[in-house]
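Breakdown of the fold
Residues per chain, in single letters:
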Amino acid sequence: MSDDSFGFSDTRKARLQKIAAFNPRKDLGTEALEQVDKAGDALGFVPREIPAKAPTRRRKAIGPTVAINMRVPEAIADVFINYCEQNRLSYWEGVADLMQKAGVST
């Protein structure tokens, strides 16, 4: 009995020879990569590398916390979220800021 009972040994040998003949390219260097990047930029491609890590913001010590969940209309939630984003506030800071502006003591 042979190793190839289905008749695929010639195909397998041809593929193995093709794989053995494969020679990967050597390092292309930075000049070739710069040309590729320029061509990609011209065509509107953007780099997919991981961006540099943003500096971590220091967290404020706020003491004990309590979770408050509430349902609000979407229109009010959207305005509040935009307010917090524009002023770079967390939600609790946004609430505290609005309370201070309304004259509510904290």
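Residues numbered from 1 in each chain as written. Predicted model: local features only at pLDDT ≥ 70, side-chain atom pairs only at ≥ 80, totals over all residues. Heavy atoms only, no water.

1. Considerations on the pattern of salt bridges
For the structure shown, the criterion picks out one salt bridge. Two residues, Asp97 and Lys101, come together in a salt bridge whose shortest N-O distance is 3.5 Å. Of this pair, Asp97 and Lys101 both sit in helix α4 (residues 91–102), four residues apart, which is roughly one turn of the helix. A relative accessible area of 60% means that Lys101 is categorised as exposed. (Salt bridge = Lys/Arg side-chain N within 4 Å of Asp/Glu carboxyl O. Helix = DSSP H or I, 4+ residues; strand = E, 2+ residues; numbered from the N terminus. Buried < 20%, exposed > 50% of the residue type's maximum accessible area, 1.4 Å probe, protein only.)

2. Structural notes on the layout of surface pockets
Taken as a whole, the largest pocket spans an internal volume of roughly 610 Å³. Taken together, 18 residues form the lining of the largest pocket, with Ile68, Met70, Tyr91, Trp92 and Val95 sitting closest to its centre. Examining the composition of the lining of the largest pocket, we find that five residues originate from one element, α4, more than from any other. (1 Å grid on protein atoms, 1.4 Å probe; cavity = no way out; pocket = protein on both sides within 12 Å on 5 of 7 lines; lining within 4 Å. Points joined across faces, edges and corners; volume = space filled by probe spheres on them.)

3. A look at the environment of Asp78
Mapped onto the fold, Asp78 is located in helix α3 (residues 74–86). Judged by relative accessible area, which is 43%, Asp78 ranks as partly exposed. With 34 residues separating them along the chain, Asp78 and Gly44 place their C-alpha atoms 33 Å apart.

4. Here's the deal with the packing of aromatic side chains
Using the criterion set out here, one finds one aromatic pair in the structure. An angle of 45° between the planes, with centres 5.8 Å apart, marks the rings of Phe80 and Tyr91 as tilted. You can see Phe80 sitting in helix α3 and its partner Tyr91 sitting in helix α4, a full 11 residues away along the chain. (Phe/Tyr/Trp six-rings, centres within 6.5 Å; stacked < 30°, edge-to-face > 60°.)

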